[in-house]
Amino acid sequence: MQVILRQLGDCMVRRAELSDLIPIMEINLKTLPEHYSDYFYESLLAEVPEAFIVAEINGRHVGYVMCKTEYGFSNFKKLGFVKKGHVVSIAVLDEFRKRGIGKALVEESTNGIILKKCDEFYLEVRCSNTEAVRLYEKSGFSIKQQLNAYYRDGEDAFLMAIEFDK
Ligand SMILES: CC(C)(COP(=O)(O)OP(=O)(O)OC[C@H]1O[C@@H](n2cnc3c(N)ncnc32)[C@H](O)[C@@H]1OP(=O)(O)O)[C@@H](O)C(=O)NCCC(=O)NCCS
């Protein structure tokens, strides 16, 4: 059964299912230089379905976000290990940008990560990707670190994170 999270005009934002993975991989290939194996998509869907979300307009897949969860050191000033959500990948097809779909995907994946009882949610973003940095800031993330030569082509990343009250 489909889990519909919100309707944004003609755009349905819902949890992804196995049958969505091929169209999601196609969006990934068109929009981002970082690609993943089929198995990786399937494992994220199996492990964190709450934060694997797709946007669809009239049956066409136009965007997605997928995340994982892990234990590790806090990005804030807490001592010890915390449970963290991690945005692995998010994209909206070029022709459907700037209508709030990206923001809806970030917000719904944040809700999913809260459901997974994480303490924090974080992501890496290219320092040059001002569009994405602004979107994350609007959604409550702040820049915590700059990661040197994080990407294969040598570009730095910002590590951005949001902390949840428990
Ligand atoms: C980053 C990305 C996901 C944003 O998606 P998006 O759907 O365009 O995001 P939104 O529409 O929510 O917000 C983008 C802008 O559109 C504006 N916007 C939202 N609704 C709007 C509307 N109805 N009319 C006009 N503008 C609107 C937002 O205010 C925002 O503007 P700002 O950047 O000046 O603050 C998209 O650009 C993308 O896929 N980029 C390529 C992949 C990528 O870089 N992924 C991130 C890797 S970390």
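Look a little higher up for the structure.
Since we're looking at a predicted model, the values are computed, not measured.

**A word on the pairing of strand β2 (residues 11-15)**
- The buried fraction of β2 amounts to four of the five residues, a majority that puts the element mostly inside the structure.
- Of the pairings in the sheet, the one linking β2 to strand β3 (residues 53-57) comprises five bridges and is antiparallel in character. Residue C11 lies in a different strand from β3, and its bridge partner there is I57.

**Quick look at the site of the ligand**
- Residues in contact with the ligand amount to 20 residues; listed here are only the nearest, V92, G100, G102, N129 and K138.
- K98 places a polar main-chain atom, nitrogen or oxygen, 2.8 Å from an oxygen atom of the ligand.
- Backbone polar atom of G100 to an oxygen atom of the ligand: 2.7 Å apart, as the coordinates give it.
- Contact with the protein chains covers 73% of the free accessible surface of the ligand, which is 950 Å².
- Of the pockets mapped on this structure, the ligand occupies the largest pocket.
- Those elements giving two or more residues to the shell around the ligand turn out to be β5 (81-92), α3 (101-115), β6 (120-126) and α4 (130-138).
- Tallied by class, the residues present in the shell around the ligand amount to nine nonpolar, three polar and eight charged.

**Considering the side chain of D119**
- Along the chain, D119 falls in the loop between α3 and β6.
- A residue is classified by how much of its surface remains accessible, and D119, at 15% relative accessible area, is buried.
- Leaving out residues up to four positions away in the same chain, D119 has contacts with K78, V82, K83, I162, E163, F164 and K166.

What counts and how
- The numbers attached to residues start from 1 for each chain and follow its sequence in the written order.
- For this predicted model, a pLDDT threshold of at least 70 governs which residues receive local features, and a threshold of 80 or more governs which side-chain atom pairs are given and counted, while totals over whole chains, interfaces and linings are taken from all residues.
- In computing side-chain values, all of the structure's heavy atoms are included and hydrogens and water are not.
- The cut-offs for exposure are 20% and 50% of the maximum accessible area for each residue type, with area from a 1.4 Å probe on protein chains only; residues under the lower value are buried, those over the upper are exposed, and the others partly exposed.
- Note on conventions: DSSP H or I runs of at least 4 residues are helices, E runs of at least 2 residues are strands, and numbering of each starts at the N terminus.
- Here, strands pair whenever DSSP counts at least two bridges between them.
- Summary of the distance rule: residues count as near a molecule or strand when at least one heavy atom falls within 4 Å of that molecule or strand.
- Counted as a polar contact is a pair of N or O atoms within 3.5 Å, where, for protein atoms, one must be capable of donating a hydrogen and the other of accepting one, and residues adjacent in sequence contribute only when both atoms are in side chains.
- The Shrake-Rupley method, run with a 1.4 Å probe sphere, supplies the accessible areas, and residue values consider only the shown protein chains as cover.
- A cavity here means a set of 1 Å grid points, computed over protein atoms only, where a 1.4 Å probe fits but cannot escape. A pocket is an open set with protein on both sides within 12 Å along at least 5 of 7 lines, and lining residues have an atom within 4 Å of a point.
- A molecule is said to be in a cavity or pocket once over half of its atoms fall within 2 Å of that pocket's grid points.
- All residues other than Ala, Val, Leu, Ile, Met, Phe, Trp, Tyr, Cys, Pro, Asp, Glu, Lys and Arg, Gly among them, are scored as polar; the first ten of these are nonpolar and the last four charged.
- We call two residues in contact when some of their heavy atoms are within 4.5 Å.

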